[in-house]
Every structure is written in structure tokens, then in C-alpha cells.
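What follows is each chain in one-letter form.
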Amino acid sequence: MRDNVLSLRPLIVATGLVLAALTAPAHAFSDDEARKAILDLRQQVQQQNEQSQRAKLQLADQIQALQQEVAQLRDQLELVSRQQPSAKPGAAAGGSNPPGASAGDPQEQAAYDGAMDLFRKGQYKDAAESLAAFTALYPNSQLAPSAQFYQGSSRYALKDFKGTIEQLNGMVQKSPDNARAPDALLIIAGSQIELNNRAGAKATLQRIVRDYPTTPAASTAKSRLQLLQ
């Protein structure tokens, strides 16, 4: 029995050597593939990180540009909303009536003038409340469209952008031919930009250019449209 085992030992050793020879290349091939896969993965991760960084920088530039656009538009809209209507012919200098409009009732005129005085002083919350009360008391007044415009402007100054859009949309729908209608639409567009509704702002600005082409608001709308492209 021992002799048999001894005689098989060379065969066992040889078999082991053959198996080692056969399995070693397989292991070496597997390790090379793994190393290559790791290197490829690292390269992909690096490329993705670089792309992500570029995207972040581009987004930061876009945000900065949009913030500048909003700031410019806000400054212009503040100027528009602060501008007082020209006094009608024959009215006293510094009068607060819009062109061609006046109140036949002294009490009605006093209510309007009081609300406008609050607006001129920058007391926008009180002005908005007083102008809302005026339009509720005198809904058919010739001064109502102007009161609605300055009520919306007051809400814009208070950063109530949704309220501004609702208020001024109502004013334009009721009085599309009013001298303040294109300015109201301009403030609506500014509010839409503040709410990040760029598509809505474009549509509103295009409406100004289409419906009120000869007004100063149309010129402003054209320049704003170029910035929103």
C-alpha cells in the first residue's frame, strides 16, 4: 500500500503543477480586467465631476444675470409706479388727477387725494388699503382705474407679487384704453419675473408691444424681451 502511494506521488505533484499552470493565467487575466475597470470608473467619475463643476458655474452665471435683470426691471418699475399722472388742462399745479379724469364730488376727490398722498409718501400698506376703500366706495368713478393702478403698484412695492398681478389684470380688463394700462402690464411682467414665471413675463411684454406700440412702456418692454431671450 505504501509503495502504491509512493508511486502515485509524482503523478499527484505533476497534476498539481499542471493545475497551477492552468489557473495562474486565469487569475492574472481577472486582475488585469479589474484594474482596467477601476481605472475606467475613476476616469468616468472625474469626467462627471468636471462636467458637474462646469454646469454649476454656468448655472451661477445664469442666476447672476437673471438677478441683474430683475434688479434693473425692479428699479424701472419703481420709477413707473412713482410717476404721478399729469394734471389735466386747467387743473391746479401738482394735482393728482389722471389726464381727463376728475371727481365731481368733493368728498370723492378728497378720498382719492388722501390715498395718493399716502402713496407719494411711500406708505404703501396704508395707500393700498385706502385705494381699495376708494374703489369700493366709488366703483364707477372716473378715478377708479387710476386708483386700481396705484393700488397694484403699492402691492408691488410691498412684494405682494401675486396680489399685484391679480389687481392690475383686473384694472387692464376693465379699462384697456386707460393711459395707465400699458404701465400696469409692465408691472405685471415684473411681478411674473419675481415669481420666476419667465414665460408669462414674455407673453405680457409681447402684449404691451402688440397692443400699445407707441407708448413708452412698449419701448421698455422691447428691451426687457431682449434680456429674457
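As a reminder, the structure under discussion sits directly above these lines.
This is a predicted model, so every value here is computed, not measured. Here the residue index of a chain counts from 1 through its sequence in written order. In view of the model being predicted, local features appear only for residues whose pLDDT reaches at least 70, and side-chain atom pairs are presented and counted only at 80 or more, with totals across whole chains, interfaces and linings using the full set of residues. Values reported for side chains reflect all heavy atoms of the structure, with hydrogen atoms and water molecules removed beforehand.

On to the packing of aromatic side chains, then. The description of two aromatic rings rests on the distance between their centres and on the angle between their planes. Pairing of aromatic rings covers Phe, Tyr and Trp, the last counted by its six-membered ring, and requires centre-to-centre distances within 6.5 Å; plane angles under 30 degrees mean stacked, over 60 mean edge-to-face, and any other angle means tilted. Considering all chains together, one arrives at six aromatic pairs under this definition. For the ring pair F134 and Y138, a centre distance of 5.2 Å and an interplane angle of 45° mean the geometry is tilted. Both residues of the pair, F134 and Y138, count as buried. When the centroid spacing of 4.9 Å and the interplanar angle of 85° are considered together, the rings of F149 and Y150 count as edge-to-face. Summarising the burial analysis for this pair, F149 and Y150 share the class buried. By the ring-pair criterion, three or more aromatic residues cluster together here, those being F119, Y124, F149 and Y150. Note on exposure labels: buried denotes an accessible area under 20% of the residue type's maximum, exposed denotes more than 50%, and partly exposed covers the range between, all computed with a 1.4 Å probe on protein chains only.

What follows is about the nonpolar core. Within the largest apolar cluster, 37 residues are counted, with the highest numbers of intra-cluster contacts made by F149, V172, L205 and I208. Secondary structure elements with two or more residues in this core: α2 (106–120), α3 (124–137), α4 (144–157), α5 (161–174), α6 (181–194), α7 (198–211) and α8 (216–228). The greatest single-element share of this core, amounting to eight residues, is contributed by α6. To define a nonpolar core, start from buried Ala, Val, Leu, Ile, Met, Phe, Trp, Tyr and Cys residues and group those joined through side-chain atoms within 4.5 Å. Strands here are runs of E lasting at least two residues and helices are runs of H or I lasting at least four, both read from the DSSP assignment and numbered beginning at the N terminus.

Salt bridge, as applied in this entry: a Lys or Arg side-chain nitrogen positioned within 4 Å of an Asp or Glu carboxyl oxygen. If you walk through the whole model with that rule in mind, you get seven salt bridges. The salt bridge partner of D211 is R207, with a shortest N-O separation of 3.7 Å. Taken together, the positions of D211 and R207, both in helix α7 and four residues apart, correspond to about one turn of that helix. On the accessibility criterion, D211 (37% relative accessible area) is partly exposed. Among the salt bridges present, the one from D211 reaches R210, with a minimum N-O distance of 3.0 Å.

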